[in-house]
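# Residue-level structural notes
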Amino acid sequence: MTYCGGILVREGLVMFADTRTNAGIDNISTFRKLHVFSDPKKRIMAIASSGNLSISQSVLSILTGERETLMNSPTMFQAAQRVGNIIRSIHATEGKALEAADVTFDVSFLFGGQIMGERMRLFMIYSAGNFIECTTDTPYLQIGEHKYGKPVLDRAVAYEMDLYDALKVGLVSIDSTMRSNLSVGMPIDLLIVRRDTCEAELIYRIEPGEPYFSDLRERWSAALRAAHIGIPRPPYGRRA
């Protein structure tokens, strides 16, 4: 399992991904799931993956090795279509063999970025190759083990918020997920791209014990405890 997210606000794009993969409690590994492709000042694209590692690695290899790649796609929409087409192609060639081995064809991607002259965009691409796009009404998308981190994003993310506030909310969302599901774990990879720059403003990996993230986790826990204490007792039933 994994947890990856993208937040698209007016100022730019935040993407984050954990790095844990596992095939059982005794077979846990670390693999990068957030990959960045850039041609400075011209285009920047990032793709985060969830699901079967062999399938996601095959998709990435084809995206970087074929004639039609992310880096020569005319538009972000067409680039998302290319990702979807590659997923369908891999399913056509390997789907039956995986099914025979009782392996589910399970993969999904977050794909975001900007080509200069276009607007910044963020897509979620499903295992069938189809995709949806992030909107200003709901300016975030998630893949993987998303249910624990979703309530934080639902309550706190807004399109007009500061770019680094969006990163902070994303980190709280990751922390909430990690506390509830051990299959999501550190290190955590981060990307920030400011709109109309076509360059990464931040590419960073949070390692276990990193001071800011450790402090954020403690502060968020303390804030939740304080909020619970500060809410009046429910006026239901008998009082002791």
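Higher on the page you've got the structure.
About the criteria used
Residues numbered from 1 in each chain as written. Predicted model: local features only at pLDDT ≥ 70, side-chain atom pairs only at ≥ 80, totals over all residues. Heavy atoms only, no water. Pairing = 2+ DSSP bridges. Helix = DSSP H or I, 4+ residues; strand = E, 2+ residues; numbered from the N terminus. Expected span 1.5 Å × (residues − 1). Contact = heavy atoms within 4.5 Å. Axes fitted to C-alpha atoms, helices over the stretch in contact; angles between N-to-C directions. Buried < 20%, exposed > 50% of the residue type's maximum accessible area, 1.4 Å probe, protein only. Phe/Tyr/Trp six-rings, centres within 6.5 Å; stacked < 30°, edge-to-face > 60°. Parallel < 35°, antiparallel > 145°, perpendicular 65-115°, else oblique. Left-handed = near helix turned anticlockwise from the far one by under 90°. Nonpolar A, V, L, I, M, F, W, Y, C, P; charged D, E, K, R; others polar.

Now for the pairing of strand β5 (residues 34-39). Direction of pairing for β5 relative to strand β6 (residues 43-51): antiparallel, over a ladder of 6 bridges. Each residue of the ladder has a partner; that of His-35, found in β6, is Ile-47. Between β5 and β6, which pair antiparallel and follow one another directly, the connecting turn spans 3 residues, one of which, Lys-41, has a positive phi of 75 degrees.

Here helix α1 (residues 53-65) spans 18 Å end to end across 13 residues, near enough to the 18 Å set by a 1.5 Å rise per residue. Looking at the buried side of α1, the elements it contacts are β5, β6, α2 (76-100) and β7 (107-115).

A separate point is the sheet that holds β6. Whenever strands of a sheet pair, they do so through backbone hydrogen bonds, lying parallel or antiparallel. Read across the open sheet, the 5 strands follow the order β5-β6-β7-β8-β9; overall the sheet is antiparallel. The two strands at the open ends of the sheet, each matched to only one other strand, are β5 and β9 (131-133). Here the strands of the sheet are splayed against their neighbours by 15 degrees on average, with no regard to which way each runs. Pairing between β6 and β7: 9 bridges, direction antiparallel. In the sheet register, Arg-43 faces β7, and the bridge partner there is Ile-115. Strand contacts of α2: β6, β7, β8 (121-125) and β9, with the helix running at about 160 degrees to β7, the strand carrying the most contacts.

This next bit is on the side chain of Thr-69. Relative to the helices and strands, Thr-69 is located in the loop between α1 and α2. Look at Thr-69 and you get buried, because its relative accessible area is 12%. Sequence-distant contacts of Thr-69, that is, excluding residues within four places in its chain, are made with Leu-63, Thr-64 and Arg-82.

Among the structural elements, Ala-166 can be located in helix α4 (residues 163-180). Between the alpha carbons of Ala-166 and Val-9 there is a distance of 7.7 Å; along the sequence they are 157 residues apart. In this view, Ala-166 contacts Ile-7, Val-9, Val-14 and Met-161; residues no more than four positions away in its chain are not counted.

A word on the packing of aromatic side chains. Per the counting criterion, the structure on display carries 4 aromatic pairs. Relative to Phe-131, the ring of Phe-77 lies with its centre 5.4 Å away and its plane at 70 degrees, an arrangement referred to as edge-to-face. Of the two residues, Phe-77 is situated in helix α2 and Phe-131 in strand β9; the sequence distance between them amounts to 54 residues. In textbook terms, an aromatic cluster arises when at least three aromatic residues are bridged by ring pairs, as seen for Phe-77, Phe-111, Phe-123 and Phe-131.

Let us now look at the packing of α1 against α2. Relative orientation and spacing of two packed helices are given, respectively, by the angle between their axes and the distance between those axes. Where α1 contacts α2, the axes come no closer than 10 Å and their chain directions differ by 135 degrees. As summarised for this structure, α1 and α2 are arranged oblique, according to the angle between their axes. For the element pair α1 and α2, the recorded crossing hand is right-handed. From α1, Ile-55, Ser-58, Val-59, Ile-62 and Leu-63 reach across to α2, where they touch Val-83, Ile-86, Ile-87, Ile-90 and Leu-98. Broken down by class, the residue content of the contact of α1 with α2 amounts to 9 nonpolar, 1 polar and no charged.

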